[in-house]
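# Fold and contact review
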Amino acid sequence: MSLRPDPFYGLSAFLAAAQAGSFTAAAARLGVSPAAVSQAVKSLEEKLGTPLFIRTTRRVGLTEAGAALLARTAPAAAEIIAAVEDVASAREPSGLLRLTVPRMAVPLVMEPIIPALRRAYPRVAVEVAVEDATVDLSIRSFDAGIRIGEYVERDMIAVRLTRDITWAVVASPAYLAARGRPDAPQDLARHEAIRYRFPNSGALYRWEFERDGRSFSVDPPGDLIVNDGALLVTWARAGLGLAYVADIAVEAELHAGQLIRVLEQFLPTTPGLFLYFPRRAQAQPKLRAFIDLARQVLRAAR
């Protein structure tokens, strides 16, 4: 009796290449040669009878069949990896913890927690992808993510990391001295705004306000547009215009007098930063270690 062909052969190479966008990067992640990754993927394509990648000299992209295969297999692969890590570690935190975080969370969360995590759990390796765009954790094999509460999907487990956010319109003292202070949202029509463009949708963010219990938004004029929150704050500090930001992202600049808040009576408050992850992931020792340590470190910092 002959054995059936291994249905998993080539899948690890395919997933690594699909997520990294490169056979070379996939080889580095798997600890093999690029030629080995290429051969494994080629064998999988031959077995399936369809190409999975569009290859160019600089990178590889997924075909329609490849994208469909990634969407179906990535969540299952994450489950298998988590199960193997749980058994292999005998419940001791270990393995690679992959996190996706917005730039806002780097100084607020990542900088204080990751050094403490490495000291307490040296067997836990950490990979952090800093990006403001919304990310599908399963497709890109992240264990967890950090986002503002209102952007966390409802089927995720969410753990609060920071206080609620009060939004702020800020500008440098030099800008306000030259252009004056807006007294109401409609005054923004006579000012220069630094605009934020959402990385995923490409839409420009409309500034949100409240008056007499009602919410409304304003599309202010501005010649500067950016999809990076840190650069937006840098430009505001340089006097290039007004910026709409989370107050927790500019606490240091406000305290130092580099930025000044305006229109405070019109700004809403929303949920703060949350760590989020699928329900199935919460049993992983490496993730539990991160959650417990984050609570300790951030509680001590308040």
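Look up: the structure comes first, before these words.
Residues numbered from 1 in each chain as written. Predicted model: local features only at pLDDT ≥ 70, side-chain atom pairs only at ≥ 80, totals over all residues. Heavy atoms only, no water.

## As for the pairing of strand S7 (residues 165–171)
Counting buried positions over the seven residues of S7 gives six, a clear majority of the element. Sheet topology places S7 next to strand S14 (residues 269–270); two bridges connect them, and they run antiparallel. Note that in S14 the partner of Ile165 across the bridge is Thr270. Pairing geometry for S7 and strand S13 (residues 260–262), over three bridges, is antiparallel. (Buried < 20%, exposed > 50% of the residue type's maximum accessible area, 1.4 Å probe, protein only. Helix = DSSP H or I, 4+ residues; strand = E, 2+ residues; numbered from the N terminus. Pairing = 2+ DSSP bridges.)

## Some points on the side chain of Ser172
Locating Ser172 in the fold gives a position in the loop between S7 and helix H6 (173–179). Within the local environment of Ser172, its side chain forms a polar contact with the backbone nitrogen of Tyr175, the two atoms lying 3.1 Å apart. Not counting chain neighbours up to four residues away, the residues in contact with Ser172 comprise Ala236, Arg237, Gly239, Gln258 and Leu259. (Polar contact = N/O pair within 3.5 Å; in protein donor to acceptor, adjacent residues only side chain to side chain. Contact = heavy atoms within 4.5 Å.)

## What about the packing of helix H1 (residues 11–20) against helix H2 (residues 23–30)?
Close contact between H1 and H2 brings their axes to 8 Å; oriented N to C, the two are set at 125 degrees. As summarised for this structure, H1 and H2 are arranged oblique, according to the angle between their axes. In this structure, the crossing between H1 and H2 has a hand that is right-handed. Touching Ser12, Ala13, Ala16, Ala17, Gln19 and Ala20 of H1 are Phe23, Ala25, Ala26, Arg29 and Leu30, all from H2. Residue composition of the contact of H1 with H2, grouped by class: eight nonpolar, two polar and one charged. (Axes fitted to C-alpha atoms, helices over the stretch in contact; angles between N-to-C directions. Parallel < 35°, antiparallel > 145°, perpendicular 65-115°, else oblique. Left-handed = near helix turned anticlockwise from the far one by under 90°. Nonpolar A, V, L, I, M, F, W, Y, C, P; charged D, E, K, R; others polar.)

## Observations regarding the packing of H1 against helix H3 (residues 34–48)
Where H1 meets H3, the axes come as close as 8 Å, and the angle between the chain directions of the two elements is 110 degrees. Judged by the inter-axis angle, H1 sits roughly perpendicular to H3. By crossing handedness, the relation of H1 to H3 is classed as left-handed. Of the residues in H3, those touching H1 at Leu11, Ala13 and Phe14 are Val37, Ala40, Val41 and Leu44. Here the contact of H1 with H3 is built from residues that sort into seven nonpolar, no polar and no charged.

## Digging into H1
Of all 10 residues making up H1, seven are buried, and the element is well covered by its neighbours. Where H1 is concerned, the buried positions are Leu11, Ala13, Phe14, Leu15, Ala16, Ala17 and Ala18. Positive phi shows up at Gly21, right after H1, with a value of about 75 degrees.

## With respect to the environment of His255
Take His255: it is sitting in helix H8 (residues 251–256). Taking the C-alpha atoms as reference, His255 lies 17 Å from Leu176; in sequence the two are 79 residues apart.

## A word on the environment of Ala133
Structurally, Ala133 is set in the loop between strand S4 (124–130) and strand S5 (144–148). Exposure remark for Ala133: the relative accessible area of 13% places this residue in the buried category. Placed 67 residues apart in sequence, Ala133 and Asn200 show a C-alpha to C-alpha distance of 5.6 Å. Once residues within four sequence positions are removed from consideration, Ala133 is found in contact with Arg147, Pro199 and Asn200.

## Structural notes on the sheet that holds strand S15 (residues 273–277)
Taking strand neighbours across the sheet as the criterion, the five strands line up as S4-S3-S5-S15-S6 in an open arrangement whose pairing is mixed. Across the chains shown, the open sheet's two edge strands, defined by having one partner strand only, are S4 and strand S6 (157–160). Across the sheet, the mean angle separating the axes of adjacent strands is 25 degrees when strand polarity is ignored. Here four bridges tie S5 to S15, and the two strands are oriented antiparallel to one another. Counterpart to Ile146 in the pairing with S15 is Leu275. Strands strand S3 (95–101), S4, S5 and S15 of the sheet are contacted by helix H5 (residues 105–120), whose axis makes an angle of about 170 degrees with S4.

## Overview of the side chain of Arg195
With respect to the element layout, Arg195 can be found in strand S8 (residues 194–196). Using a relative accessible area of 4% as the deciding quantity, one classes Arg195 as buried. Side-chain polar atoms of Arg195 contact the backbone oxygen of Pro220, separated by 2.7 Å.

## Regarding the pairing of strand S9 (residues 207–211)
Summarising the sheet, S9 and strand S10 (residues 214–218) pair through five bridges and their orientation is antiparallel. When the sheet's bridge partners are listed, Glu208 is paired in S10 with Ser217. Here S9 folds back onto S10 in antiparallel fashion, the turn holding two residues, of which Asp212 has a positive phi close to 55 degrees.

## A closer look at the pattern of salt bridges
Under the counting rule described, the total for this entry stands at 15 salt bridges. Put simply, Arg190 and Asp187 hold a salt bridge, and the shortest N to O gap is 3.1 Å. Here Asp187 falls in the buried class, since its relative accessible area comes to 13%. What emerges from the salt-bridge pattern is a single network uniting Arg163, Asp247 and Glu251. (Salt bridge = Lys/Arg side-chain N within 4 Å of Asp/Glu carboxyl O.)

Bear in mind that shape data such as this cannot, by itself, settle questions of function.
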